[in-house]
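Spelled out from the first residue to the last, the chains are:
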Amino acid sequence: MAYAITQTCCNDASCVSVCPVNCIHPTPDEPEFGTTDMLYIDPRACIDCGACADACPVDAVYPVDRLRGPDTVFGDLNRDWFREHPNDHAWGRPTFPRSLPGELGALRIAVVGTGPSAGYTAQELLRSTSAEITMIDRLPVTGGLLRHGVAPDHQSTKRIAESFASVFHDPRLRMHLNVEIGTDLTHQELAAHHHAVVYAVGAAADRRLGIPGEDLPGSLPATAFVGWYNADPTVPADAVELSAERVVVVGNGNVAVDIARILLTDPDRLAATDIADHALAALRRGRVREVVLLARRGPEHAAWTGAEFLALRQLPGVELVVEDHPEVRAAIEAASGTPSASGEPSALEAPSAAGPGAGRGSRAALLAGLPLVRYDGAAQPGAGRRIVLRFFSAPVELSGDGRVEALTVERTAPVDGERVEATGEKDVLRAGLVVRSIGHRGVPVPGLPFDERGGTVAHRGGRVVDPATGQPLPGTYVVGWAKRGPSGGIGANRACARETVDALLDDAAARALPVPEAGRKDFARLVRRRRPDAVGLKELRAVDRAERERGAAEGRPRVKLATVSELLAAGRRR
């Protein structure tokens, strides 16, 4: 029986490299890699060896005959992808690990950040060179978006962090946490102690709506909401108020889907995860019964991945409906080839020929079988819990007496395949919480050139460049969202890291890297002098141990420490 890849696929292609018959696609060498929602196994070519399942860092690969319940659809999705993307599974040109001339000696390389892009970068460097690595993070704990961005009910996705554990424990790697570049140390000081510096700092800012009332209490960026339920120590425990019955999430990407799902999932189910204690308590006493996902364009332009949306359709005890609209109805019928449901809920019918990543039309096809309903956002939510998908609606104003009480939206209409225009027709949604989830944006790194238009560190192929001259800054590199913008999931960082590391190694081979002015011990002394409460590997192990022990006592994977002071205190109890 063939294997199939399921919802939790991280796209890092660990499975591709171990498949003996090359039946997993798209591979990192194929154009679709990084743009599909997930990877797929061709059941006609799979030899049932299980190598892919053993290599998968997030347990996303299963034999088709072992798929149960909502996961059974993934057998069809894997098969159907190859109907639209036929492949002879021929091997491409072989690639070989990079190496450097021995006379160069051991490079000292700093990596700023400890999230997925940083982890893949350090992994590449440790595997292909004899480099000594210094990892730096502004928080006293590692993980980046793996710890503070992945939803708590996606525990299998978080397992990819285990693949980085060996990286962080490598004897050639030194860790300095609770240290911020630009505040505690400058880029120039970091560069003076290393042959090269790689910035893996992500995209920390949210895009704004630019409408009146956006700064009222009760209006939040998605990063704050996600950080709140993930125990990000930079987000206060009281940052989110859940006394309202309706929440509006502006946007319909995976983060918006995560927020809607967490708001309406039974707290007893979340109690078995690593969700922040304060968030779990707030959800237990909260009154939210309806979440509206608002989108300016139609369903064919939805930003969620197919796998995430299929999981949303199966959320226990939650009704998923679509606001009836002529353009929405037409898009669903055109994409699925079936008439849309209307009024009463209908049976779920996931389209077998429109798998995640099968094209923009598949986004609309995923709505087939969901009820289309008339929606009055000015009325109180009805009984039960539900998610309302509302398309062709643009936010224009937030209003309320001291905090958000309502969101005014304006209808839009399609102009062509991509654009919409305002129609002038407005209505009001009563809501006590509005979360904007319309994308992230990078923030400038002190000492580095910044591309304001793209919201990224200015670079060319991973080499940081001076925009005025177009020349690279010697020994300075960027990776991840800070390099390519907020696109691609966790696994996309692996290929991104490889490109940046290749550029760094090319420069090293060409002897274009600057020679450090001081050594590794000098840098450690500088860190201790500037930041006496910096955290190292021993302290990090103590934090991990403390959180796991707290979790074991409650039947949870871990109970996160949610403030910097708690993290530092746990580290000192090593």
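Use the structure listed above.
Residues numbered from 1 in each chain as written. Predicted model: local features only at pLDDT ≥ 70, side-chain atom pairs only at ≥ 80, totals over all residues. Heavy atoms only, no water.

Trainee: Explanation requested: the overall build of the chain in the structure shown.
Mentor: The number of helices and strands found in the chain is 19 helices and 25 strands. For the chain, whose C-alpha radius of gyration is 24 Å, the value lies close to the compact-globule estimate of 25 Å for 574 residues. If one aligns the C-alpha atoms of the chain with their principal axes, the spans along those axes are about 75 × 60 × 55 Å. Counting all 574 residues of the chain, 55% fall into the buried class. Partitioning the contacts of the chain with sequence separation of at least 6, the portion at a separation of at least 24 is 75%. In the structure as shown, the chain presents an accessible area of about 24200 Å², 50% of it carried by carbon and sulfur atoms. Between the centroid of the 67 positive side chains of the chain and the centroid of its 73 negative side chains there is a distance of 5 Å. (Helix = DSSP H or I, 4+ residues; strand = E, 2+ residues; numbered from the N terminus. Rg over C-alpha atoms; globule rule 2.2 N^0.38 Å. Buried < 20%, exposed > 50% of the residue type's maximum accessible area, 1.4 Å probe, protein only. Contact = heavy atoms within 4.5 Å. Areas by Shrake-Rupley, 256 points an atom, 1.4 Å probe, with all protein chains shown as cover. Lys, Arg positive; Asp, Glu negative; His and termini not counted. Charge placed at Lys NZ, Arg CZ, Asp CG, Glu CD.)

Trainee: What is the right way to look at the pattern of salt bridges in this model?
Mentor: Evaluation of the coordinates by the stated rule reveals 42 salt bridges. In this structure, the salt-bridge partner of R531 is D184, at a minimum N-O distance of 3.4 Å. A residue pair is termed long-range when its members are at least 10 positions apart, and R531 in the loop between α17 (520–530) and α18 (537–554) and D184 in the loop between β7 (173–177) and α7 (187–192) qualify at 347 residues. What makes R531 partly exposed here is its relative accessible area of 24%. Counted as one network, the salt bridges with shared partners bring together R147, D544, E547, R548 and R558. (Salt bridge = Lys/Arg side-chain N within 4 Å of Asp/Glu carboxyl O.)

Trainee: So what exactly am I meant to see when it comes to the sheet that holds strand β16 (residues 393–399) here?
Mentor: To summarise the sheet geometry, strands pair through backbone hydrogen bonds and adopt either a parallel or an antiparallel arrangement. Overall, antiparallel pairing links the three strands, which are arranged β16-β17-β18 in an open sheet. The sheet is open, and its two edges are formed by β16 and β18 (420–430), each paired on a single side. Sheet twist, expressed as the mean angle between neighbouring strand axes with direction ignored, is 25°. Where strand β17 (residues 406–414) and β18 come together, eight bridges link them in antiparallel fashion. Paired with E410 across the two strands is K426, which belongs to β18. (Pairing = 2+ DSSP bridges. Axes fitted to C-alpha atoms, helices over the stretch in contact; angles between N-to-C directions.)

Trainee: Looking at this structure, how should I read the nonpolar core?
Mentor: Taken as a class, soluble globular proteins show a tendency for nonpolar side chains to be buried jointly. I24, I133, F225 and L389 are the most contacted members of the largest nonpolar core, which has 126 residues in total. For this core, the element with the most residues is helix α9 (residues 254–264), which contributes seven residues. Ignoring anything within four residues of it in the chain, the contact list for I24 reads I5, C15, V16, C19, L39, Y40, I41 and C52. Judged by nonpolar contacts, the second largest core, of 18 residues, contains L190, V457, V464 and V527. (Core = buried A, V, L, I, M, F, W, Y, C linked by side-chain atoms within 4.5 Å.)

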